[in-house]
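Structural characterization, general
So the chains spell out like this:
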Amino acid sequence: MNVVQAPLKIVQYPHPSLRHKAVPLTGIDDNLRHVVFAMLDLMYTHKGLGLAAPQVGLPYQLFVVNFAGDPAQKDAEAVFLNPVILEKEGTQEDDEGCLSFPLLYQKVRRAKVARIEAYNLQGEKISLKASDLPARILQHETDHLHGVLFIDKFGPIGKLSARSMLREFEYLHKRAQSRGELAGDGDIEQRLKDLEAGA
Ligand code: ZN
């Protein structure tokens with residue numbers, strides 16, 4: 001992976017990185033390890049259960065989780081490189097949030113059980129079958145790598161009640177761009193394409 005220069009920070013909807021399909025990682029090196037540790041730090045700072053690379057502006061198939069949301073519980077922490085969900089069973093419906101949509105929570109229907117295959121940071125293939133909340137987290141984070149967001153899964157009532165918050169996020173995004181605090185969407189897209197080459 002290319003050296004990622006600026007300190008990582010979580011991007012918010014509608015940052016183009018969130019809709020950009022991530023590319024698979026082709027190797028594990030110190031730069032990638034550095035990114036993973038920075039993502040874990042950010043996830044804990046923001047009290048999240050998971051964080052995907054597109055949420056820090058990186059177009060790579062990578063996410064980190066802590067199923068307990070507790071930095072002290074290292075056995076609940078995991079890193080997933082190039083993950084693929086191979087099986088889904090049943091359904092569950094519960095409130096869901098996302099670090100790229102602060103304060104937005106809505107009911108989302110997910111599979112109750114999900115089996116995922118991925119590589120860990122040691123380059124070993126891992127296979128995990130999870131249910132309930134951990135299965136929800138794995139599905140939410142894997143979606144991020146394909147440019148799919150939890151707002152896409154809201155039912156009609158959820159979509160309606162989230163509409164004003166989404167407009168507010170869109171307004172803040174444009175305002176940050178007009179103030180020069182954030183690059184324009186075209187420049188961000190170009191940077192994502194440049195970063196893809198470093199996967
Ligand atoms: Zn999310």
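In short, a report on the structure. The model shown is predicted, which means the values in this text are computed figures rather than measured ones.

Its boundaries defined by the atoms lining it, the largest pocket holds a volume of some 670 Å³. What lines the largest pocket is a set of 26 residues, among which K9, V11, H15, L182 and I188 lie closest to the centre. Of all the secondary-structure elements, those providing two or more residues to the lining of the largest pocket are α3 (156-178) and α4 (185-196). For the lining of the largest pocket, the leading source of residues is α4, giving five residues. Grouping the amino acids of the lining of the largest pocket by side-chain chemistry returns 18 nonpolar, four polar and four charged. One number sums up the size of the second largest pocket: a volume of about 430 Å³. Forming the boundary of the second largest pocket are 22 residues, of which G48, L49, G97, C98 and L99 lie nearest the centre. A total of six residues in the lining of the second largest pocket trace back to one element, the largest contributor, which is helix α2 (residues 132-144). Classifying every residue of the lining of the second largest pocket gives ten nonpolar, seven polar and five charged.

Once that is clear, we can look at the nonpolar core. Counting 25 residues, the largest nonpolar core has M39, L51 and L62 as its most contacted members. Looking at this core, the elements that each hand over two or more residues are α1 (30-45), β2 (62-66) and β3 (77-89). By residue number, the principal contributor to this core is α1, which donates eight residues.

Attention now goes to the coordination of the zinc ion. The coordination sphere of the zinc ion contains the protein donors C98 (SG), H140 (NE2) and H144 (NE2), at a distance range of 2.0 to 2.2 Å. Within one chain, the residues donating to the zinc ion are spaced in sequence as C-x41-H-x3-H. You can see C98 sitting in the loop between β4 (92-96) and β5 (106-110) and its partner H140 sitting in helix α2, a full 42 residues away along the chain. Each member of the pair C98 and H140 is classed as buried.

The next thing to look at is the packing of aromatic side chains. Counted by the stated rule, this structure contains five aromatic pairs. With centroids separated by 4.9 Å and ring planes inclined at 25°, the aromatic side chains of F63 and F80 adopt a geometry described as stacked. Of this pair, F63 sits in strand β2 while F80 sits in strand β3, and the two are 17 residues apart along the sequence. Per residue, the accessibility class of F63 equals that of F80, and both read buried. Where F101 meets F150, the ring centres are 5.1 Å apart and the plane angle is 65°; that geometry is what we call edge-to-face. Highlighted residues: F101 in the loop between β4 and β5 and F150 in the loop between α2 and α3, separated in sequence by 49 residues. The exposure class of F101 is buried, given its relative accessible area of 1%. The exposure class of F150 is buried, given its relative accessible area of 2%. Within the aromatic cluster, the residues linked to one another by ring pairs are Y13, F101, F150, F154 and F169.

Rules behind the numbers
- The numbering scheme is per chain: residues are counted from 1 as the chain's sequence reads.
- Totals for whole chains, interfaces and linings use every residue, but because this is a predicted model, local features are given only for residues with pLDDT of at least 70 and side-chain atom pairs only at 80 or more, for both listing and counting.
- The basis for the side-chain values is all heavy atoms of the structure; hydrogens and waters are excluded.
- Points on a 1 Å grid, built from protein atoms alone, make a cavity when a 1.4 Å probe fits but cannot get out and make a pocket when they are open with protein on both sides within 12 Å along at least 5 of 7 lines; residues with an atom within 4 Å of a point are the lining residues.
- Grid points are joined across faces, edges and corners, and a volume is the space filled by probe spheres set on the points.
- Strands are runs of DSSP state E lasting at least two residues, helices are runs of H or I lasting at least four, and both sets are numbered from the N terminus onward.
- Residues are sorted three ways: Asp, Glu, Lys and Arg are charged, Ala, Val, Leu, Ile, Met, Phe, Trp, Tyr, Cys and Pro are nonpolar, and all the rest, Gly among them, are polar.
- Remark: nonpolar core denotes a set of buried residues (Ala, Val, Leu, Ile, Met, Phe, Trp, Tyr, Cys) joined through side-chain atoms within 4.5 Å.
- Buried residues are those whose accessible area, probed at 1.4 Å on protein chains only, stays under 20% of the maximum for their type, while exposed residues exceed 50% and partly exposed ones sit between those limits.
- Only nitrogen, oxygen and sulfur atoms within 2.8 Å of the metal, or 3.2 Å for Na, K and Ca, are treated as donors, and water is left out, so sites may look incomplete.
- Think of it this way: a Phe, Tyr or Trp ring, Trp meaning its six-membered ring, pairs with another when their centres are within 6.5 Å, and the plane angle makes it stacked under 30 degrees, edge-to-face over 60, tilted otherwise.

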